[in-house]
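Next come the chains, spelled out residue by residue.
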Amino acid sequence: PMIADVAALFLTGLVSLFGQIVLLRELNVAFYGIELIYLIALGVWMLLTAVGAIIGGRRPSAGRMAVLFLCFALSLPLGVVFLRASRLLLGGIPGAYLPFPRQMAALVIALLPAGLLSGLLFREAAGLHAERGRTLAGAYGIESAGGLAGGLLATLCLRYGVQNLPLAVVCGLIAAAAALFLFPGKGSRPGRVVAVGLAAVLIAILYQSPILDRRMTGWNHPGLLVTRDSPYGRITATALAGQVSVFENDALAFETGGTEAELFAHLTALQHPEPRRILVLGGGWDGTLRELLRHRPVRIDAVVLDLDPIALLRRYLPAEIRASLNDPAVRLTRADPRQFLKKSGFAWDLILVGMPEPSSGETNRFYTSEFFAQCAARLHPGGIVALRLPTAENLWTPQTTRRTASVYHALASVFPEVMVLPGAMTVMTASTAHLPRSPEILTDRLRERGLQTRLVSPPYIRYLFTNDRFADVEKRLKEAAVPANTDIRPVCYPFAVMSWLARFFPKLALAELPGFGAAGNGLATIGWILGIGLPLLFVGSRLRPAWRRGLLAAVAGFLGIVSEAVLILAYQAKEGVLYQDIGLLLAAFMAGLALGAPVLRDLILGTGVRKKWVRGWGVALLAGFGLLGFTTVGIVTGGAAAGLFLTAVLLAATGFLVGGLFAYAGLCGVRDQKKVIGPLYAADLIGGCLGAILGSLALIPIFGLAGTLKGMILLAALAILLI
């Protein structure tokens, strides 16, 4: 029986985290790659799991747990199917966002079954574990170990190109196998038959998954040519009326009939008198390389994070783009652009930043002062760095202006000369030498190089340099009271979030949000809230031990998630983390959780849970959070990168402290372990939910990485009132 309890807890953690990864990837595609959806979905998942843990049955049974595993095995593939059909089912227009209420409804419907079942499964498994005389802390550690295994398994599958639909089916098969294992011997034949039948259906679906995957993708993409999941997202190509369109996570990346590549390439290359050596960071296969080759450079280095999309789509692209990819002057390299700049000893005349706009923590790192300093170190004298940002032709909202200004100030902090060419796609160029601000210089070079273009013509160039926007926009950007976008303070990110929300709530486009990108970050206000509100709450909770335990578990979850986010963002910004590295880092955090809970359980039980001085363990854990916070602040603000090993160690230490605090909350003053399973597990999840949403949407964007860590140190100090 004890082996069955441990296996049930382990498998609960495994399928829960595995299934969460599958659904998050599918949501990312269903919502056009908006990173905000990850945060909302993670928060909703934690809340649903918390609800499941609270409403779980008082008397756990292996048979009920087996039925829950069967339901989970069925719900996960159905969740994937629902998300792919959600735009059709909810009346969406192809290529357009659903109305905001319907989007949130789709998100909740997709996560509801699996999220609730995860909480119910933990409640049942932990209850059986407690009936054997075991502790909640031990159950938490075993479930975390299962989560570690699930995260590593999902990471391994993604690394080797397993598609998302088969991943959902494999996770369902694991859950079905768990149900078959858990059904008790007597009177369980019908349940075993159902488990075997469901497993057979899932195996058949797995066998037919390539066909099913293509047909479901075709629901939203008429004229589908090819589709494939990579570790970086879903790449899809369609062909209609002779035009090939390429989508990344269902958002249009480029189409072969557009002029964006022409604008970016020529408006940049014409500013240099002789662009012989060119570096393109990201993109290139959208036609940018084709246009740059027309300036007859000696060499073009194109650096991309992932070469798989090029290999997948090469035969569907127009002949001219295929020829540019095969040109002897072009060298394609698979690497992180920042790591490439750091390790390369080469120098270029032009560096074109073709990365996606800074709308996420992943892409923001290509628009910071630190990144532009790396570019400057790899330019020939008189070399030019260029980037592009999507804007509006005539109306710039406060968010658009301030976000663009933060990038402008980041460029200006490195380069003495910065020029802005506004439009539907705003092009910024920067150099240590004088940039040509006369349209005649560019038009003369256009004629000298014999370029025949569709849009970038002498009249168009003259229009760009002489219309009112040219001087007005640059003046507004210079005067905007916004700090430069940096690695440790990603100013761009909150404006991207607001711009996305403004698509559904138009008044937000004109809103001036306090703290978002402002030069002053409002630390005084937060200090008052932490300094008065939280101490009153914590002291008041001491009147009821159950409230105090719940608050301590919530604080542990909040501290853990926010600290984890800061460490991963800092590592990503400085090291250019690959997706397999993210999986390893998350695994390190889960390993710390799995270790911290049982270690503190043994230490506390060894001390004696009723002795007053056992509170020293709680104080020591919170002091550990403070020490860890100070260490991380030094690493984040320092010039050197932490590296994979050190970051993994810090994440493991964070997880250890979270698991330890959870064990402390579940043991001190608790006589019946079964009574605290649901409330404490739910409190931990709710704290993690708040940490994920508030940390990513408010704390880190407003206060930066270092400021957020200082807030966590203060919170850990105040939490001593709960010990």
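Rules and cut-offs
Residues numbered from 1 in each chain as written. Predicted model: local features only at pLDDT ≥ 70, side-chain atom pairs only at ≥ 80, totals over all residues. Heavy atoms only, no water. Helix = DSSP H or I, 4+ residues; strand = E, 2+ residues; numbered from the N terminus. Buried < 20%, exposed > 50% of the residue type's maximum accessible area, 1.4 Å probe, protein only. Contact = heavy atoms within 4.5 Å. Disulfide = S-S within 2.5 Å. Phe/Tyr/Trp six-rings, centres within 6.5 Å; stacked < 30°, edge-to-face > 60°. Pairing = 2+ DSSP bridges. Axes fitted to C-alpha atoms, helices over the stretch in contact; angles between N-to-C directions.

**With respect to the environment of valine 29**
Next, step 1: With respect to the element layout, valine 29 can be found in helix α1 (residues 2-30).
Next, step 2: Judged by its relative accessible area of 5%, valine 29 is buried.
Next, step 3: Put simply, valine 29 and alanine 179 are 150 residues apart on the chain and 31 Å apart in space, counted from C-alpha to C-alpha.
Next, step 4: Beyond its immediate stretch of four places on either side in the chain, valine 29 contacts Arg87, Arg234, Asn249 and Asp250.

**Quick notes on the state of the cysteines**
Next, step 1: In the structure shown here, the tally under the stated rule is 0 disulfides.
Next, step 2: Here cysteine 71 stays free of any disulfide, with the sulfur of cysteine 171 as its closest cysteine sulfur at 14 Å.
Next, step 3: Its sulfur unpaired, cysteine 492 is 15 Å from the next cysteine sulfur, which belongs to cysteine 375.

**Digging into the packing of aromatic side chains**
Ring pairs (aromatic) are described by centroid distance and by the angle formed between their planes.
Next, step 1: With the rule as written, the count across this model stands at 13 aromatic pairs.
Next, step 2: Summarising the aromatic geometry, the rings of phenylalanine 340 and tryptophan 348 are spaced 6.0 Å apart at their centres and angled 35° between planes, so their arrangement reads as tilted. An identical accessibility class is assigned to phenylalanine 340 and tryptophan 348; each is buried.
Next, step 3: An angle of 40° between the planes, with centres 6.3 Å apart, marks the rings of tyrosine 460 and tyrosine 463 as tilted. Within this pair, tyrosine 460 and its partner tyrosine 463 are both found in helix α18 (residues 458-466), separated by 3 residues, close to a single helical turn.

**Some thoughts on the sheet that holds strand β6 (residues 299-304)**
Next, step 1: In space, the 7 strands of this open sheet follow the order β7-β6-β5-β8-β9-β11-β10, with mixed pairing throughout. Of all strands in the sheet, those with a lone pairing partner are β7 (330-334) and β10 (417-421), marking the two edges. Put simply, the sheet's adjacent strands are angled 15° from each other on average, direction ignored.
Next, step 2: Bridge count between strand β8 (residues 348-353) and strand β9 (residues 379-390): 5 bridges; the pairing is parallel. Paired with leucine 352 across the two strands is alanine 386, which belongs to β9.
Next, step 3: Contacting β8, β9, β10 and β11 (425-431), helix α9 (residues 260-269) crosses the sheet at an angle of about 25° to β11.

**Section: the sheet that holds strand β3 (residues 243-248)**
Strand-to-strand pairing in sheets goes through backbone hydrogen bonds, with the strands running parallel or antiparallel.
Next, step 1: With antiparallel pairing, 4 strands are arranged side by side in an open sheet as β1-β2-β3-β4. Among the strands making up the open sheet, the edge pair consists of β1 (224-230) and β4 (251-255). The sheet shows a mean angle of 20° between the axes of neighbouring strands, direction not considered.
Next, step 2: Pairing of β1 with strand β2 (residues 233-240), which is carried by 6 bridges, proceeds in the antiparallel orientation. Within the sheet, the bridge partner assigned to threonine 227 lies in β2 and is threonine 236.
Next, step 3: Here helix α8 (residues 209-218) sits on the sheet in contact with β1 and β2, set at roughly 115° to β1.

**Points about the environment of aspartate 213**
Next, step 1: Relative to the assigned elements, aspartate 213 resides in helix α8.
Next, step 2: Residue aspartate 213 is classed as buried on the basis of its relative accessible area of 10%.
Next, step 3: Considered as a pair, aspartate 213 and glutamine 452 are 239 residues apart in the sequence and their alpha carbons are 42 Å apart.

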